[in-house]
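Commentary on secondary and tertiary structure
Residue-level listing of the chains:
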Amino acid sequence: MTAPKKLFIKTYGCQMNVYDSERMAEALGGQGYTEAKSADEADMILLNTCHIREKAAEKVYSELGRFKKLKAQKPDLKIGVAGCVAQAEGQEIMRRQPLVDLVVGPQSYHRLPEMEEKAREGEKVLDTDFPEEDKFEKLKRRPKSKRGPTAFLTVQEGCDKFCAFCVVPYTRGAEVSRPADRILTEARDLVERGVREITLLGQNVNAYHGAGANGDLTLAQLIWELDKLEGLERIRFTTSHPNDMMNDLIEAHGTCKKLMPYLHLPVQAGSDKILKRMNRSHTAESYLRLIERIRAARPDILISGDFIVGFPEETEADFQATLDLVEEVKYGTAYSFKYSTRPGTPAAERPQVDPVEADDRLQRLQALLTRQQREIQDSMVGREVGVLFEKPGRQAGQMLGKSDYLHAVHVADCDRQAGDLARVRIVSSRTNSLAGELID
Ligand code: SAH
Ligand code: SF4
Ligand code: F3S
């Protein structure tokens, strides 16, 4: 038996990093690590990092700087950097911050136990290879420990789209789908451990084409396989690319009861000139027609999106086209960002928009998106929705959960447990949540 040690993981970035952090914690569990409540009590700290925008990447170095004192007090403390900054910057991290003992890229997490051993022996270790094997197969979930009612499950990783602004194809590598049987085994295990809702993850999740018993499965076919799992109540997936939104997936939104009426479908911009320069390979018009077809299959579906403003050479007229598209779609939620130059991507070399102008556009876009979000949330009042309860609220007897549309809902005087799915009537809408009552 190895002596018990404490591990603290801090996660940045997208849901895939959340999933990866769980896998890393389980892998290091085999090395005798249990979860530390804070960095102060840890024997090992791992930062699971994001490289998507400059600010995200810089955060890592300021966070590492804060560990200097801790490491001086505790020389045996090991510090590791994982995730997309690890992949993008590799050795450079150890050069900039010598207190780092270990750097591991997202494709090498299954090698973490042996890397940890080497780090314990005082070696500096780095692994940012892109191996052929399925790392998740080697990173099996440790069986049967109980867990919360919702879980992420990565089914696809990497991206071949090469949008001109984006680092993901470089940090996560080429698009790869996991075989269906492994996903189904993992899903069954999650359900046995109390999970009621699974969100399938991929940087391009709807491009999924994993091997099945009779040839490759599409994402819709995988969803129908998961639909058969008794005990699993809800299925979601994220993030989708408009060009991979196939007919069978659109149809599933109308016919698969477990598939929730929520779709994150980033468009990035509303001007065809900008979309072309972004290498998005869809137009504003084709996106709008796609949304129409999805709404024909599932009229109440809540659409979510991502936007970039201030992309190189974006004019006021181009930006206006983004506002027009937003007006037409009506987003239930959205994430909007000011363009951030990423070294090594094609757009980094192009003429940049004045940052003050870009800030102004971002504010205008966010004002519109916030208004739409609020209107759609308010329109839930009086409606009956499904709610999956996740945890007790701050007030006695109150339970918190998510609606089918992914709105946060709280119910007072609630006799249900975490993991229960109930019908709820929405009675009021607050800033970031809805209040509801159980329907018996
Ligand atoms: N695979 C997804 C999302 C990838 S990253 C997709 O295809 O849409 C999440 C979001 O970050 C993107 O949708 C985009 O809006 C934003 N993003 C990516 N690179 C960026 C950059 N260089 N500057 C600002 N925002 C960026
Ligand atoms: Fe990045 Fe584009 Fe791939 Fe999304 S589709 S991960 S934005 S390159
Ligand atoms: Fe960030 Fe990597 Fe996810 S760059 S958004 S953590 S894929």
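This structure is a prediction, so every number in the text was calculated from the model and none was measured.

**Concerning the domain arrangement of the protein chain**
Taken domain by domain, the protein chain consists of domain 1 (5-127), domain 2 (144-370) and domain 3 (384-438). A separation of 28 Å is found between the C-alpha centroids of domain 1 and domain 2. Contact with domain 1, which involves 19 residues of that partner, is made by 23 residues of domain 2. Of the roughly 1700 Å² buried between domain 1 and domain 2, counting both surfaces, carbon and sulfur atoms make up 53%. Looking at the side of domain 1 facing domain 2, the largest losses of area belong to M16, Y19 and R53, adding up to 37% of the total buried there. Inspection of the region where domain 1 meets domain 2 yields 2 salt bridges. Note that R172 is salt-bridged to D20, the shortest N-O span being 3.0 Å. Those elements giving two or more residues to the side of domain 1 that touches domain 2 turn out to be helix 1 (15-29), helix 2 (54-66) and helix 4 (83-89). Here the side of domain 1 that touches domain 2 takes 9 residues from helix 1, the largest share from any one element. Considering only residue class, the side of domain 1 that touches domain 2 consists of 8 nonpolar, 5 polar and 6 charged.

**What to know about the site of ligand 3**
Surrounding ligand 3, one finds C14, N17, T49, C50, H51, I52, C84, R172 and Q203. For the shell around ligand 3, the per-class residue count stands at 4 nonpolar, 4 polar and 1 charged.

**Focus: the site of ligand 1**
Neighbouring ligand 1 are 15 residues; F165, Q203, Q268, D306 and S340 lie closest to it. One nitrogen or oxygen atom from the main chain of F165 is found 3.0 Å from a nitrogen atom belonging to ligand 1. Q268 is positioned with one of its side-chain polar atoms (N or O) 2.7 Å from an oxygen atom of ligand 1. Within the complex, the protein chains bury 89% of what would otherwise be the 530 Å² of accessible surface of ligand 1. Contributing elements (two or more residues each) for the shell around ligand 1: strand 15 (302-309) and strand 16 (333-338). Tallied by class, residues from the shell around ligand 1 come to 6 nonpolar, 4 polar and 5 charged.

**Here's the deal with the sheet that holds strand 16**
Pairing is parallel in the open sheet, where 3 strands are placed in the order 14-15-16. On the outer flanks of this sheet lie strand 14 (262-264) and strand 16, each paired with one strand and no other. Between one strand and the next, the sheet's axes are offset by a mean angle of 10°, whatever the strand orientation.

**With respect to the packing of aromatic side chains**
Enumeration over the complete set of coordinates arrives at 4 aromatic pairs. Ring centres of F162 and Y170 lie 5.6 Å apart, and the angle between their planes is 75°; on these two criteria the pair is classed as edge-to-face. For the pair F311 and Y339, a centre-to-centre distance of 5.4 Å together with 75° between the ring planes defines the contact as edge-to-face. Of the two residues, F311 sits in the loop between strand 15 and helix 14 (316-329) while Y339 sits in the loop between strand 16 and helix 15 (355-378), which places them 28 residues apart along the sequence. One aromatic cluster in this structure is built from F165, F311 and Y339. We note R23 situated over the ring of Y19; from NZ or CZ to the ring centre the distance is 4.6 Å. Over the aromatic face of F337 sits the side chain of R53, whose NZ or CZ is 3.6 Å from the ring centroid.

**A short note on the pattern of salt bridges**
Between side chains of opposite charge, a pair can form when the charged atoms approach closely. Scanning all chains against the criterion turns up 37 salt bridges. The partner of E26 in a salt bridge is R23, with the nearest N and O atoms 3.2 Å apart. Taken together, the positions of E26 and R23, both in helix 1 and 3 residues apart, correspond to about one turn of that helix. Residue E26 shares its accessibility class with R23, and that shared class is buried. Between E63 and R66 there is a salt bridge whose closest N-O contact spans 3.0 Å. Taken together, the residues span about one helical turn, with E63 and R66 both in helix 2 at a distance of 3 residues.

**A few points about the environment of L388**
Residue position: L388 is located in strand 17 (residues 384-392). The spacing of L388 and A408 is 20 residues in sequence and 9.9 Å in space, taken between C-alpha atoms. Those residues in contact with L388 that lie beyond four places of it in its chain are P149, T150, R196, E197, R234, L400, G401, K402, G419, D420 and L421.

**Structural notes on the environment of K135**
In this structure, K135 sits in helix 7 (residues 135-138). When its relative accessible area of 2% is taken as the criterion, K135 is described as buried. Each C-alpha atom of the pair K135 and V385 lies 38 Å from the other, and the pair is 250 residues apart in sequence. When residues no more than four places from it in sequence are discounted, the contact partners of K135 are D20, P106, Q107, Y109, H110 and E157.

**Examining the nonpolar core**
A general trend in soluble globular proteins is that nonpolar side chains are found buried together. One finds L200, L222, F237 and Y331 to be the most contacted residues of the largest nonpolar core, which totals 88 residues. Here this core gathers at least three residues from each of two domains, domain 1 (5-127) and domain 2 (144-370). Not counting residues up to four positions away in its chain, the partners in contact with F237 are T199, L200, V205, L219, I223, M245, L249, H253, L259 and L263. Residues A56, Y61, F67 and I79 belong to the second largest nonpolar core, which totals 25 residues.

Rules behind the numbers
- Residues numbered from 1 in each chain as written.
- Chains lettered and ligands numbered in written order.
- Predicted model: local features only at pLDDT ≥ 70, side-chain atom pairs only at ≥ 80, totals over all residues.
- Heavy atoms only, no water.
- Domains from an automatic or database assignment.
- Contact = heavy atoms within 4.5 Å.
- Buried area = accessible area lost by both parts, 1.4 Å probe.
- Salt bridge = Lys/Arg side-chain N within 4 Å of Asp/Glu carboxyl O.
- Helix = DSSP H or I, 4+ residues; strand = E, 2+ residues; numbered from the N terminus.
- Nonpolar A, V, L, I, M, F, W, Y, C, P; charged D, E, K, R; others polar.
- Near = heavy atom within 4 Å.
- Polar contact = N/O pair within 3.5 Å; in protein donor to acceptor, adjacent residues only side chain to side chain.
- Areas by Shrake-Rupley, 256 points an atom, 1.4 Å probe, with all protein chains shown as cover.
- Pairing = 2+ DSSP bridges.
- Axes fitted to C-alpha atoms, helices over the stretch in contact; angles between N-to-C directions.
- Phe/Tyr/Trp six-rings, centres within 6.5 Å; stacked < 30°, edge-to-face > 60°.
- Lys NZ or Arg CZ within 6 Å of the ring centre and 35° of its normal.
- Buried < 20%, exposed > 50% of the residue type's maximum accessible area, 1.4 Å probe, protein only.
- Core = buried A, V, L, I, M, F, W, Y, C linked by side-chain atoms within 4.5 Å.

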